[in-house]
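# Coordinates in review
Single-letter residue listing:
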Amino acid sequence: MRARHRSLLATVGAVAVAAALLSPPGAARAADDPAVVPITEPTAAADATARAVEVLEQADSIVSGEVDGRDASLALLELARTRSALPAARRAEADRILARPTDTPDTDAGGRFGYAANALPTQACQGGFCVHWARATSDAPDLTDADANGRPDYVDRVFATLLKVSGTYVAAGYRKPVSDGTRGGGTNQFDVYLVDTGREGLYGYCVPEGVTSSTQRSAQAYCSLDNDFASKQFPANTPVHNLQVTTAHEYFHAVQFAYDISDDLWFLESTATWAEDEVYDAVNDNIQYLRNSPMSQPRTPIDKGQDLRVYGSWIFFRYLSELEPGSRGGMPTIVRDILTRAAGPAYSLQAVRAVLKERGRSMTATVARFSAANRHPARTYREGARYPVTRPEGTARVARNQLRRASLKLNHLSSGTVRYRPGKRTNRASARLRIAVDLPRRTRPTAAVVTVRRESGKISSRLVRLRPSGAGLLSVPFVDGRIAYVDVTLVNAGTRYACGRGTVYSCQGRSLDDGLRLRVRVRAVTR
């Protein structure tokens, strides 16, 4: 089965292109934020045209089905943001890819999503939406109209889904998509086109419009959804469930475009994947992405904006929303507040840090506890029994008076866990495990979490208190037969970047906290 949400993020080059062509989010406040190193030299303008052509060709490959993927929204966002750098002769190609299905009849058999000249397109408007569909060709949905209301039953279902999704987001306090005026159907109606996107392996997409510069913040949009979500094309889930989660995910992109189209791509995708599950909690389609997430890949930075990892990082926002469950309209407010804070100069992780600080939490401690909590998801998350368990880097038995050492080299926003089990001669009631961590100086955002699991199943975790030097000590029970194991989770929670360096991470930046060495020593003792 091909993954549902894929985009231009699937290639490193696409994100590098974006970094070269866009002003990095957060750069305007670099001087005021110690986590950002200002960029004094502009990104190589001479490469802008060549890179824009690369974006165009990769976006064309995605919407033509040559690249495995089912969410082209951010590929099209990148194309819209880089269009102005294309040679004049190739802008028409970009315009054709970005065009609405009704803009020009599509006679190309190569797989674009314009309605054919004989498609007989029609529309209906309701509740702030206009839904467009074809009455002929393969783009036509099932035209059955059982209630004789003048539009197909499938169109009625699309309207019902759109109204639920948009109503949920509005009730939760999110902005509405930017008005498109008289474009499409009606006036100030959000347009949704039903197209056979499944023929190219896509469930749907949303396209920003009216993007005229790389510094533009918000943009209007339209969306296209598959015309039937037929099981033959989409074997995972039911057609109704696929319509629901795709609508919630893609329409959330249109909502995001009302905030800041220059937001980090990992942030846009992971929060959209989070949002779909908030609206349609019973579908659980996003669980599939936990195979490519901080749970399954703890050594990979949370903010890696590449491949399926951009979807798997939704679990970070699920952790935040269960940590801070305050809600409005049935959705936790913390993600909305982060999105609002990121609408402007701040980039994604600056916004996360700021919102956590407002709630009395530190970024370092939150990332550390998140990393440790993923070792026991069933106890951490409401639906955690279905989530994968983060595996330790290694396991060792520790006999009485035995010394064990471990060392991990961690990049930013990553972690690793070492597990210790009671060994020989640790069966006395006084047996304890003395843990000494040696981390970078406390000015670097690192942490250690010690988790004790008793044979009874009880689990307790605590952060190791660090001295300014980065050293820390902790002693915990270690009685064989009573203690199943002790985990030491070492965490690099770095969020400092030299922005605009063409990477796949936040603000397209190079982390200033990569490659940090974290060490731990343990010894089993008895009193």
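Note: the structure precedes this text.
Quantities reported herein were computed from a predicted structural model and do not represent experimental measurements.

Calculation notes
- Residues numbered from 1 in each chain as written.
- Predicted model: local features only at pLDDT ≥ 70, side-chain atom pairs only at ≥ 80, totals over all residues.
- Heavy atoms only, no water.
- Helix = DSSP H or I, 4+ residues; strand = E, 2+ residues; numbered from the N terminus.
- Buried < 20%, exposed > 50% of the residue type's maximum accessible area, 1.4 Å probe, protein only.
- Areas by Shrake-Rupley, 256 points an atom, 1.4 Å probe, with all protein chains shown as cover.
- Axes fitted to C-alpha atoms, helices over the stretch in contact; angles between N-to-C directions.
- Parallel < 35°, antiparallel > 145°, perpendicular 65-115°, else oblique.
- Left-handed = near helix turned anticlockwise from the far one by under 90°.
- Contact = heavy atoms within 4.5 Å.
- Nonpolar A, V, L, I, M, F, W, Y, C, P; charged D, E, K, R; others polar.
- Disulfide = S-S within 2.5 Å.
- Core = buried A, V, L, I, M, F, W, Y, C linked by side-chain atoms within 4.5 Å.
- Phe/Tyr/Trp six-rings, centres within 6.5 Å; stacked < 30°, edge-to-face > 60°.

What follows covers the overall build of the protein chain. For the protein chain, the count of helices and strands is 13 helices and 19 strands. The proportion of buried residues among the 527 residues of the protein chain is 58%. A total accessible area of about 20,000 Å² is found for the protein chain, and carbon and sulfur atoms account for 47% of it.

When two helices pack together, their arrangement is given by the angle between their axes and by how far apart the axes lie. Following both chains from N to C, one finds helix α2 (residues 48–63) and helix α3 (residues 73–82) inclined at 150°, their axes separated by 9 Å at the closest point. Taken together, α2 and α3 sit at an angle that is classed as roughly antiparallel. The two elements α2 and α3 meet at a crossing, and its hand is left-handed. On the side of α2, the interface is formed by Ala 52, Val 55, Leu 56, Ala 59, Ile 62 and Val 63, while α3 contributes Ala 75, Leu 76, Glu 78, Leu 79 and Thr 82. Classifying every residue of the contact of α2 with α3 gives nine nonpolar, one polar and one charged.

This next bit is on the state of the cysteines. Summed over the entire model, instances satisfying the criterion amount to three disulfides. At a sulfur-sulfur separation of 1.9 Å, the disulfide partner of Cys 125 is Cys 130. Since a negative S-S torsion denotes a left-handed disulfide, the Cys 125-Cys 130 link at about 100° is right-handed. With relative accessibility at 37%, the residue Cys 125 sits in the partly exposed group. Under the relative-accessibility criterion, Cys 130 is labelled buried at 0%. Across the disulfide from Cys 206 sits Cys 223; the S-S distance is 1.6 Å. Because the sign of the S-S torsion sets the handedness, a value of about 80° for the bond joining Cys 206 and Cys 223 places this disulfide among the right-handed ones. With Cys 206 in strand β5 (residues 204–209) and Cys 223 in strand β6 (residues 220–226), this residue pair connects regions lying 17 residues apart in the sequence. Taking the relative accessible area as the measure of exposure, Cys 206 reaches 0% and is therefore buried.

As a further point, take the nonpolar core. Ranked by internal contacts, the top residues of the largest apolar core, which has 118 residues, are Tyr 169, Tyr 174, Phe 316, Phe 317, Leu 320, Ile 338 and Val 352. Setting aside anything within four residues of it in sequence, one finds Tyr 174 in contact with Tyr 169, Phe 252, Val 255, Tyr 259, Trp 274, Met 331, Val 335, Arg 336 and Leu 339. If you look at the next biggest cluster of nonpolar residues, it comprises 28 residues, including Val 437, Val 450, Val 464 and Val 488.

The final tally for this structure, using the stated rule, is 22 aromatic pairs. Taking 5.7 Å as the distance between ring centres and 55° as the angle between the ring planes, the aromatic pair formed by Phe 129 and Tyr 251 counts as tilted. Taken as a pair, Phe 129 in strand β3 (residues 129–134) and Tyr 251 in helix α6 (residues 239–257) lie far apart in primary sequence, 122 residues in all. Phe 129 sits in the buried class, given a relative accessible area of 3%.

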